[in-house]
Amino acid sequence: MARTAGSGGAGPSGGGARAGGGGRPPRGGRSAGGERSGRAPRGDSDRQPRDREREDSEFVEKLVGINRVAKVVKGGRRFGFAAIVVVGDSKGRVGYGSGKAREVPEAIRKATEQARRAMIRVPLREGRTLHHDMRGHYGAGEVVVRAAPQGTGIIAGGPMRAIFEALGVQDVVAKSVGTSNPHNMIKATFDALTRSVSPRAVAARRGRKVSEILGRRDGGAEARE
C-alpha cells in the first residue's frame with residue numbers, strides 16, 4: 001500500500017520546529033535585553049564588619065586547650081569539641097570560659113563569650129605585678145603566685161601563663177603544686193587572684209592611711225591600683 005504525499009513526519013510528534021517558536025530560555029539567567037537577573041555580585045562589604053570587630057576589639061584572647069568529646073546516643077557516638085579560652089584587656093581584667101559544639105570555631109566562640117561575661121578585676125602594683133603573694137585551691141588543683149621585682153618576667157607555664165599575659169602582668173612567679181588538669185589549674189589561679197587586695201583597699205577598710213599600711217616598703221608613697 002503506497003503512502004500518500006506529505007504524510008511522513010507531519011503529525012504532532014514530528015521532528016519539526018516547536019509551535020510558537022518557543023524553546024528553552026537562554027542559559028546564564030539573562031533576559032531578552034542581555035541583563036543578568038538574580039542576586040547582586042558579592043563584594044568585600046560583607047567581610048568588612050567582621051574584620052573591623054577584630055581590629056577594634058580591646059581584649060586579648062588566649063586559647064588554652066581544645067579536646068574532642070563524645071556523647072553516646074541511640075545510634076552510636078556523637079563527636080564534638082570542647083574549648084577553654086582566657087580573655088583579658090591587659091589592664092587588670094581577666095576571665096575564662098569553656099564551650100562545647102560540633103565544630104571547633106563554634107566551641108571557641110561560646111567559650112570566648114562566656115569568658116567575657118565572667119571577667120574579674122585584679123589590682124596591680126605599678127601596673128606590672130601583684131601586690132602580695134597568694135595561694136589558690138580548686139579541687140585537686142593548687143597554685144602559688146608571688147609578686148616579683150621589675151625585670152623578672154612571667155615565670156609560669158601552661159594555662160597560668162595565658163592568664164597572666166591576658167591580665168597584663170609583666171613580672172610574676174607562679175607554680176602549680178597540684179594537678180595538671182588545665183580546668184582545675186585555671187580555677188585555682190582565679191581563686192588566688194580573687195584574694196588579691198590593694199593597700200588602698202586595706203587602708204579604707206581599716207580607716208588608716210596607705211603609708212601606715214605599707215610601712216617602710218614604699219616610704220609613705222601612695223600605692224597604685
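Chemist: A description of the overall build of the chain should follow, citing residues and the corresponding values.
Modeler: The number of helices and strands found in the chain is 6 helices and 8 strands. For the chain, the sequential pattern of α-helices and β-strands runs α-β-β-β-α-β-β-β-β-α-β-α-α-α. Relative to its full complement of 225 residues, the chain shows a buried share of 28%. A separation of at least 24 residues holds for 53% of the contacts in the chain among residues at least 6 apart in sequence. Of the roughly 15,600 Å² that the chain leaves accessible, carbon and sulfur atoms contribute 46%.

Chemist: An account of the packing of aromatic side chains is requested, with residue identities and associated values reported.
Modeler: Scanning all chains against the criterion turns up 1 aromatic pair. Ring centres 4.8 Å apart and planes at 55° place the aromatic pair tyrosine 96 and phenylalanine 190 in the tilted group. Here tyrosine 96 is found in strand 3 (residues 93-101), whereas its partner phenylalanine 190 is found in helix 4 (residues 182-193), with 94 residues between them in sequence. Since its relative accessible area comes to 7%, phenylalanine 190 is described here as buried.

Chemist: So, the nonpolar core: which residues are in play, and what are the values?
Modeler: Burial of nonpolar side chains together is a common tendency in soluble globular proteins. Counting residues in each nonpolar core, the largest one holds 25 residues, and the members touching the most others are Val94, Leu130, Val145, Met160, Phe164 and Leu193. Those elements giving two or more residues to this core turn out to be strand 2 (76-88), strand 6 (141-147), helix 3 (159-167), strand 8 (172-176) and helix 4. Examining the composition of this core, we find that 6 residues originate from one element, helix 4, more than from any other. Setting aside residues up to four positions removed in sequence, valine 145 forms contacts with Leu130, His132, Asp133, Met134, Met160, Phe164, Val172, Val173, Ala174 and Ala192.

Chemist: Now, about the pairing of strand 1 (residues 60-73): what can you tell me, with residues and values included?
Modeler: Pairing geometry for strand 1 and strand 2, over 13 bridges, is antiparallel. Within the sheet, the bridge partner assigned to leucine 63 lies in strand 2 and is valine 85. The antiparallel pairing of strand 1 with strand 2 creates a hairpin that spans 2 residues between the two strands.

Chemist: Can you lay out unusual backbone geometry for me, pointing to particular residues and giving the numbers?
Modeler: Phi at serine 90 is positive, roughly 60°, even though this residue is not glycine. Tracing the chain through its elements places serine 90 in the loop between strand 2 and strand 3. Even without being a glycine, glutamate 126 presents a positive backbone phi close to 60°. Mapped onto the elements of the fold, glutamate 126 is located in the loop between strand 4 (120-121) and strand 5 (134-138). Take glutamate 126: its relative accessible area is 44%, and that puts it in the partly exposed class.

Chemist: Tell me about the sheet that holds strand 7 (residues 154-155), and please be specific about residues and values.
Modeler: Paired through backbone hydrogen bonds, the strands of a sheet run either parallel or antiparallel to each other. Spatially, 5-6-8-7 is the arrangement adopted by the 4 strands of the open sheet, whose pairing is mixed. The open sheet is flanked by strand 5 and strand 7, the only strands paired with a single partner. Across 5 bridges, strand 6 lies against strand 8 in antiparallel orientation. Residue pairing in the sheet places arginine 146 in a bridge with valine 173 of strand 8.

Chemist: Run through the pattern of salt bridges, naming residues and quoting values.
Modeler: Scanning all chains against the criterion turns up 9 salt bridges. Between arginine 109 and glutamate 113 there is a salt bridge, and its shortest N-O distance comes to 2.7 Å. Of the two residues, arginine 109 and glutamate 113 are both situated in helix 2 (residues 104-117); the distance of 4 residues between them amounts to about one turn of the helix. Judged by relative accessible area, arginine 109 falls into the partly exposed class, the value being 37%. A relative accessible area of 36% places glutamate 113 in the partly exposed class. Notably, a salt bridge pairs glutamate 142 with arginine 135, separated by 2.7 Å at the nearest N-O pair. Its relative accessible area of 45% is what places arginine 135 among the partly exposed residues. It is possible to trace a salt-bridge network through shared partners that takes in Lys62, Arg161 and Glu165.

Chemist: Describe in detail helix 3, supporting the description with residues and values.
Modeler: With respect to burial, helix 3 is a largely interior element, 7 of its 9 residues being buried. When helix 3 is considered as a whole, its buried residues turn out to be Pro159, Met160, Ala162, Ile163, Phe164, Ala166 and Leu167. Looking one or two residues beyond helix 3, the residue adopting positive phi is glycine 168, at roughly 100°.

The rules behind these values
- Residues numbered from 1 in each chain as written.
- Predicted model: local features only at pLDDT ≥ 70, side-chain atom pairs only at ≥ 80, totals over all residues.
- Heavy atoms only, no water.
- Helix = DSSP H or I, 4+ residues; strand = E, 2+ residues; numbered from the N terminus.
- Buried < 20%, exposed > 50% of the residue type's maximum accessible area, 1.4 Å probe, protein only.
- Contact = heavy atoms within 4.5 Å.
- Areas by Shrake-Rupley, 256 points an atom, 1.4 Å probe, with all protein chains shown as cover.
- Phe/Tyr/Trp six-rings, centres within 6.5 Å; stacked < 30°, edge-to-face > 60°.
- Core = buried A, V, L, I, M, F, W, Y, C linked by side-chain atoms within 4.5 Å.
- Pairing = 2+ DSSP bridges.
- Salt bridge = Lys/Arg side-chain N within 4 Å of Asp/Glu carboxyl O.

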